Amino acid sequence: ELVVLRWAGDRLVEDPHAVAPLLGLTTPPSPGLRTVRVSQGQGGQPREWRMYAAADDQGSRAAVLVDMDERYDLGADLAEHVVLPVLLVLSLVMLVLWLAIRRGLQPLSRLSADVAALDTTAGQRLQSDHRFREFASSVEAINHLVDSLQEQARRERAFASDVAHELRTPLASLALGAAAARQAPTPESLERLEKDALRAGRILQQLLDLARVQRDALAQSSTAVDLGALAASVVEDHVPRAYEQDHELALLRPDAAVKVQVPAMLAELALRNLVDNAIRHTPAGTQIRVDVWSGPSSRGVSVSDDGGRAGAFGVPTSDGLGLGLRLVERMAEQMGARLETGDALTPMTTRFALVWPTSDSQK
């Protein structure tokens, strides 16, 4: 398909196919690329050749030619015997690949349908022996998430029950006291109405505090909070009230700073609730002590008293202590801490503590 011509000076020295006379190349062509047309006789279609010529420093010239008809035939052969089969095979491969992917994704589609059909409120879970072993880890993760949602829903229901219980008593007492005061108003009945109204107001204020904390905690970034400085500030704010109710309020903290990475507002509100509960729900003459500590496995702050409070942790009492502890427990969860009760050291009888595990970054 390729023809090579070579000249030495003006003399043609190489023409193996004897095409130079046919193409009229009696003299060496000038360097470059061009098209050469050759007539095929009277009435015939001219043939086209593509020619590239070049020269060297010694005066020798060479030209390479290709017949365009043969070039077009070669392109047609390539299209027929190479490109077309490749396109057909590629289409078949794509079809097989699509069918394989669709078949492979069917288990995932069925798993998605099973997840969509779950009723978490009814305690439903995915079967751990799922028919697709490839998704065993996914099924386990989904079941863990479902268990967490169900536990959260259980806590929400318990909290709603506590709120209803706490509000029912003062509201019922308000209704009875109002009816009694309407019949025979006395200073005692009016004072009882005022106490019940204040008690209901405190419960509503606690609920508002929780709503505000849950709203703001998402937007508030965690900072390094010094528990000792925080406890000192909270104790200082409660000293006048403790004095009015004949309580002895004390603070014990180490010289070194004890820091935790939490939203500052959340930590302050949780500690204020614990101190407020101790002052409000213990008899006059009670000793109340706030301790800040740091140990090898945990650090935190606790509020202890020797008043012998009867309200057990998590159990609503008639004076609103249970709801206040529920609020603190929720705040502790949001701070990555836990609310512990018990282990009071003599002479203390009641102890509530916010405890953070000591991580390597905090040591």
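Residues numbered from 1 in each chain as written. Predicted model: local features only at pLDDT ≥ 70, side-chain atom pairs only at ≥ 80, totals over all residues. Heavy atoms only, no water.

Q: Pulling in residues and values, what's your account of the overall build of the protein?
A: On a plain count of helices and strands, the protein comes out with 7 helices and 12 strands. Put simply, the protein has 363 residues, and 33% of those count as buried. Partitioning the intrachain contacts of the protein with sequence separation of at least 6 by distance along the chain shows that 60% fall at a separation of at least 24. In the form shown here, the protein has an accessible surface area of approximately 21,900 Å², with 56% of it arising from carbon and sulfur atoms. (Helix = DSSP H or I, 4+ residues; strand = E, 2+ residues; numbered from the N terminus. Buried < 20%, exposed > 50% of the residue type's maximum accessible area, 1.4 Å probe, protein only. Contact = heavy atoms within 4.5 Å. Areas by Shrake-Rupley, 256 points an atom, 1.4 Å probe, with all protein chains shown as cover.)

Q: Any chance you could break down the confidence of the model for the protein for me, citing the residues and the numbers?
A: Per-residue pLDDT for the protein averages 81, and the proportion of residues at 70 or more is 87%. Note that pLDDT drops below 50 for residues 310–321; the model gives that stretch 24 contacts with residues more than four away or on any other chain. (pLDDT = per-residue confidence, 0-100.)

Q: Quick one: what's the story with the nonpolar core, residue by residue and with numbers?
A: Grouped together as the largest cluster of nonpolar side chains are 40 residues, with contacts concentrated most on Leu271, Leu274, Val303, Leu354 and Trp356. At the level of elements, helix 3 (136–183), helix 5 (227–244), strand 8 (259–262), helix 6 (264–280), strand 9 (287–294), strand 10 (298–305), helix 7 (321–334) and strand 12 (350–357) are the ones that each hand at least two residues to this core. The element contributing the most residues to this core is helix 6, with 9 residues. Discounting chain neighbours no more than four positions away, the residues touching leucine 274 are Val303, Leu325, Val328, Leu339, Phe352 and Leu354. Listed in part, the 14 residues of the second largest apolar core include Trp7, Val19, Leu25 and Ala63. (Core = buried A, V, L, I, M, F, W, Y, C linked by side-chain atoms within 4.5 Å.)

Q: So what's going on with the side chain of aspartate 276? Which residues, and what values?
A: With respect to the helices, strands and loops of the structure, aspartate 276 is situated in helix 6. Among all residues touching aspartate 276, those that are not within four sequence positions of it are His238 and Arg241.

Q: I'd like a description of the pattern of salt bridges, backed by residues and values.
A: This structure, assessed with the given rule, holds 9 salt bridges. Between arginine 6 and glutamate 14 there is a salt bridge, and its shortest N-O distance comes to 3.2 Å. A single network of salt bridges, built from pairs that share partners, joins Asp237, Glu268 and Arg272. (Salt bridge = Lys/Arg side-chain N within 4 Å of Asp/Glu carboxyl O.)

Q: Could you give an account of the packing of helix 5 against helix 6, naming the residues involved and the relevant values?
A: Between helix 5 and helix 6, the shortest axis-to-axis distance is 10 Å and the interhelical angle comes to 30°. The orientation of helix 5 with respect to helix 6, classified from their angle, is roughly parallel. By crossing handedness, the relation of helix 5 to helix 6 is classed as right-handed. Facing helix 5, whose interface residues are Leu230, Ala231, Ser233, Val234, Asp237, His238, Arg241 and Ala242, helix 6 presents Ala267, Glu268, Leu271, Arg272, Val275, Asp276, Ile279 and Arg280. For the contact of helix 5 with helix 6, the per-class residue count stands at 8 nonpolar, 2 polar and 6 charged. (Axes fitted to C-alpha atoms, helices over the stretch in contact; angles between N-to-C directions. Parallel < 35°, antiparallel > 145°, perpendicular 65-115°, else oblique. Left-handed = near helix turned anticlockwise from the far one by under 90°. Nonpolar A, V, L, I, M, F, W, Y, C, P; charged D, E, K, R; others polar.)

Q: Explain the sheet that holds strand 1 (residues 2–8) to me, using residue names and the numbers behind them.
A: Taken together, 5 strands build an open sheet; the order of strands is 2-1-5-4-3 and the sheet is antiparallel. Whereas interior strands pair on both sides, the edge strands pair on one side only; in this sheet they are strand 2 (11–14) and strand 3 (32–38). Sheet twist, expressed as the average angle between the axes of neighbouring strands with direction ignored, equals 30°. By the bridge criterion, 3 bridges tie strand 1 to strand 2 in an arrangement that is antiparallel. Bridging from a neighbouring strand, arginine 6 pairs with glutamate 14 of strand 2. (Pairing = 2+ DSSP bridges.)

Q: Tell me about the sheet that holds strand 10, residues and numbers included.
A: Note on sheets: strands pair through backbone hydrogen bonds, and any given pair is parallel or antiparallel. Within the open sheet, the 5 strands sit side by side as 7-9-10-12-11. Their pairing is mixed. Only two strands of the sheet have a single neighbouring strand rather than two, namely strand 7 (248–252) and strand 11 (338–341). Across the sheet, the axes of successive neighbouring strands diverge by a mean angle of 15°, strand direction being ignored. As defined by bridge partners, strand 10 adjoins strand 12 across 8 bridges and the pair is classed as antiparallel. Bridge pairing in strand 12 links valine 303 to phenylalanine 352. Most of the contacts of helix 5 go to strand 7, to which it runs at about 170°, and overall it touches strand 7, strand 9, strand 10 and strand 12. Packed onto the sheet, helix 6 meets strand 9, strand 10, strand 11 and strand 12 and runs at close to 20° relative to strand 10.

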